Structure formats: structure tokens, C-alpha cells
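# Chain and residue survey
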Amino acid sequence: MDLFTRTAQIAADWLRSLDKRPVAESATIDELRSALGGPLPRGPVDPLAVVEDLARAVEPGLVALPSGRYFGFVIGGGLPAAVAADWLTSVWDQCPGPYVCGPAATVVEEVTGAWLGQLLGLPEHASFAFVTGCQMGHVTCLAAARHHVLETVGWDVEELGLNGSPPIRVLVGARRHVSIDRALRFLGIGRASMRVVPADGSGRMDVRWLREELTAGKRAAGDAPAIICAQAGEINTGAFDDLDGIADAATEAGAWLHIDGAFGLWAAASPALRHLVKGVERADSWAFDTHKWLNVPYDSGLAFCAHPSAHRAAMSVTAEYLVLGGPGQPRESLDWTPAFSRRARGFAVYAALKSLGQQGVAELVERCCAHARTFAEGVAALPGCQVLNEVVLNQVLFRFEDDQTTDRILRRVVDGGEAWMSGTTVDGRRAIRLSVCNWQTSDSDIARTLEAFRNASVC
Ligand SMILES: *Cc1c(COP(=O)(O)O)cnc(C)c1O
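Residues numbered from 1 in each chain as written. Predicted model: local features only at pLDDT ≥ 70, side-chain atom pairs only at ≥ 80, totals over all residues. Heavy atoms only, no water.

### Thoughts on the packing of helix 1 (residues 3-17) against helix 3 (residues 47-58)
Closest axis-to-axis distance for the helix 1/helix 3 pair is 10 Å, and the angle between their directions is 10°. Taken together, the axes of helix 1 and helix 3 are roughly parallel relative to one another. From helix 1, Leu-3, Arg-6, Thr-7 and Ile-10 reach across to helix 3, where they touch Pro-47, Leu-48, Val-51, Glu-52 and Ala-55. The residue inventory of the contact of helix 1 with helix 3, partitioned by class, reads six nonpolar, one polar and two charged. (Axes fitted to C-alpha atoms, helices over the stretch in contact; angles between N-to-C directions. Helix = DSSP H or I, 4+ residues; strand = E, 2+ residues; numbered from the N terminus. Parallel < 35°, antiparallel > 145°, perpendicular 65-115°, else oblique. Contact = heavy atoms within 4.5 Å. Nonpolar A, V, L, I, M, F, W, Y, C, P; charged D, E, K, R; others polar.)

If you want it as C-alpha cells, here you go:
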């Protein structure tokens, strides 16, 4: 059989195995090292043999992330249309940096960006960029923010850098995602410029505190311009910051409002859940993932920005050898992304969105939330179990009577291969996080997972 047909067969076998195989990997790290290691061969090896050997050696070390019973972190699987389009993306091997290296890829991104903006209720004029994930979405958006706020105080950051620049104040919530800190660090904005706004038990920023800090801090910092990083969807609880209240505060203070909507922004695609992100369209920038809740294969995320000129000023690049369009010319994605050469990520996102349609996206999001509620009710009925969060979205946080029991039960469930999720520490106590964001998760997957917890908690 030829290489590509055989590869497609291996791929299809893997997808078919998801429901039957243990969710966790079965090989140890030593077994994987010995199966895959050894010296690089001196000469060439037949590609078919390479792929078959690779597939065989990695198989026991694969975690069934695309399984309907994988509930770890916030992961999501791969919609069939998205996975198939992603295969073609590799085969077509387009590079939509400059238009000339990927005309169709560029247009697909144009179309997909507009679809995403509409679906999520973002301003029509917003610019966007396809990036590797929310982390790079933050870098892109916060680079635009940095440009904008320094421009307002007469500082050209692209020309002068941050050497001797006026200070910037960044206000972040206590329960922000760590990728915010790293994005700021990449941009030369260190921890000393960050003011941490306290959060409530669910992880929501204290808006009154924020408002006071914006006013008081402004005087103390000699009018330094401010950037606020708010969050739609806290990783443990799924809680949403009061985006409308924060947008009011940002408007009053003339601050830039950035939103980490990695997975939570998808609530905007559901009429039933949209109230959770009220005010979201008033922000200045948004970063979110398509590889999580939209179920596009890794890696795929977006940056949106309500100030296209700031976005472009922060990202654009030019060189003599590049063939770039002028006015009226195509969208040059090099002007909007931090990457130079890159994968044509639009194809898979396009396919995911089109295969679901507007209603399908809303249903996917609502179904996952309903599964999370069912799980929470079921698990709360187990002896000693306590659900720690209000299940407003797709995240459930729970624990058993003490830290030891919690960790032991989690280990039993994971080792049993029925489901996978991770532990965490909240307010100094061990807990278990369940995140439902896979298109395949069914009633039966939730029932099987509850059964696994029931069995693990009685023995
Ligand atoms: C996953 C996540 C991120 C980081 O996104 P990546 O796609 O991993 O770069 C940021 N914020 C939140 C809330 C997340 O859940």
C-alpha cells in the first residue's frame, strides 16, 4: 500500500479506537524512550516503514485527548471536518504570510475572521490574526495595546522601544491565566508594572477595587496610561469577570481593555449563555482559542483588535524581497501576526465553523455546559464529595472529604483508564477539575465517568 493511503488508515484506526482505548497512556516514559530512542540511522529509511514504526512506537504513549472522556485542563477534540481540513493543510503546505504564498489560504482567513467576529459579537471593524493559541493571541493584542497607550503619551514604542519610555500600568485579576504574565514579559512589561486586582471566590475581579486603583494609581504613577486584562472564563471555575462594569471603568480611565477569552468567549456564540459576556464588545482586544472549544486540532487561536491601526503598527513588517500589496490589495497576514512563515490555520477553522453552522456552535457550547451540570449533580451525590464552584459554564471543581482522599480517588479514576482529568490546589486544598469541551462527549461518557468516580470512592 502506498504511504499516504496507509497513513490515512492508521489515522482512521486511531480515531475509531478512542471509545475503546484507555484514556490515559499505557506506556511509561522509559518504555517510550526505549521504543523511540537509539541513534539516528546513518542512511535513509523507507518512509512507509518510518511512519508505521513511528505509529506503532508512539501508540501506547498517546493520551486520548480527542476522546469524549478526556476532561483535563481545557482541551477539546477535533471535529471531523476540521481534522480533515487540517490534513489537507499539511498536504497543500501553503504559507499565508504574504498573499503570494497562499492566495486561497489568505481569503479563507479573511472569510473565517469575519465569521468569527460575527459569531462572537465583536465589532465589525476589528482586525484579527490567526495565531498558535491564546498565548500568542495575548502577545499580539498586548503589543497593540502597548503601541496605543504609549502613543497617547507621545511615545513611539516601535521606534524607541521601552528604553526610557513613560511607564505603563497594567491591571490584572488575581486569578488571571499565567499566559497573561508571560505575554507582558515578552513585551518588556515586567511584574513591577502589574497591579493585581483581588478576586472573589469564583475568581472574578473586584471591579470596585479596580476602579479605585485606576484613579488613585493614576495620580500616584503620574498619569501613566493603563491596560486592563480581564477574563471571560476562569480556568478552574469558568467564572466571568463583570465585563460591562470593567468596560465602564476602562472608559472612564481611558484604559485599554484586553480580554482573555480562551474558552469562555465561546459563550457569546450561544443565545442562552451570551449574558455571561455582557459588555464584551466594548473591549479593545480579545484573545481566544479555536483549538479548545471549537474543536479544531492544535494549534489554533486568534487575536482580535478594535484598533486596526495600533494592531498593524505593532505587527507589520516589510523587506525589499517581499512582494506585498498596496492599497486595495489583499490582506497581508504578515501585517497582523507575530509569525513570519506559518501554517495556514484558517482552513481547519473554516471547516469547523461551516460544518457546525451558527446553530451547531451554539449547540456544542450549550451541550458541553449541560454535561458539566449533569456531572456536577451526579458527583455531588457521592459520599464526601463537594462541588466547589457554581457551574456557570463547562468547568466543574470538586473534592472529596480531604486532600488525600481527593488525590486517591482521582488517581484511581485516571489509572482505570475510564476518564482523564487533573488535580489542582484551590485555596490550599486539593481539588479535581473537570472541563467539558469535546464535541464527542455524550450522555454515556458522563455516565461512565460518574460510574468510575462512584467505584473509586467506595473501594
Ligand atoms: C488555555 C488558556 C490560555 C492559553 O491558551 P493557549 O491556547 O494554551 O496558548 C489562556 N487563558 C485561558 C483562560 C486558558 O484557558
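### Quick look at the confidence of the model for the chain
Residues with a pLDDT of 70 or more make up 99% of the chain, whose mean pLDDT is 96. Summarising per-element confidence for the chain, the mean pLDDT is lowest in helix 9 (residues 207-220) (88) and highest in strand 6 (residues 285-289) (99). (pLDDT = per-residue confidence, 0-100.)

### Examining the sheet that holds strand 4 (residues 226-231)
The strand order across the open sheet formed by seven strands is 1-7-6-5-4-2-3, and the pairing between neighbours is mixed. Across the chains shown, the open sheet's two edge strands, defined by having one partner strand only, are strand 1 (127-131) and strand 3 (194-197). With direction set aside, neighbouring strand axes in the sheet form an average angle of 20°. Sheet topology note: the strand 2 (residues 169-173)/strand 3 ladder contains four bridges and is parallel. (Pairing = 2+ DSSP bridges.)

### Focus: the nonpolar core
Within the largest apolar cluster, 101 residues are counted, with the highest numbers of intra-cluster contacts made by Ile-228, Trp-266, Trp-286, Phe-398 and Phe-453. Among the elements that take part in this core, helix 12 (residues 346-380) stands out by supplying 13 residues, more than any other. Excluding residues within four positions of it along the chain, Trp-266 makes contact with Leu-116, Leu-119, Leu-120, Phe-288, Asp-289, Thr-290, Trp-293, Leu-294, Val-361 and Val-365. Formed by 24 residues, the second largest nonpolar core is a distinct cluster that contains Val-139, Ile-168, Met-194 and Met-315. (Core = buried A, V, L, I, M, F, W, Y, C linked by side-chain atoms within 4.5 Å. Buried < 20%, exposed > 50% of the residue type's maximum accessible area, 1.4 Å probe, protein only.)

### With respect to the pairing of strand 6
Burial analysis of strand 6 places five of its five residues in the buried class, the great majority of the element. Residues Ser-285, Ala-287 and Asp-289 of strand 6 are buried on one face, and the alternating residues Trp-286 and Phe-288, pointing to the opposite face, are buried as well. Sheet topology places strand 5 (residues 256-260) next to strand 6; three bridges connect them, and they run parallel. Note on strand 6: the bridge partner recorded for Asp-260 is Ala-287.

### Structural notes on the pairing of strand 11 (residues 429-435)
With five of seven residues buried, strand 11 is to be regarded as a mostly interior element. Pairing between strand 9 (residues 395-399) and strand 11: four bridges, direction antiparallel. Residue pairing across strands places Phe-398 opposite Ile-432, the latter belonging to strand 11. Pairing analysis gives five bridges linking strand 10 (residues 422-426) to strand 11, with the strands arranged antiparallel. Looking at strand 11, one finds that Ser-422 is bridged to Arg-433.

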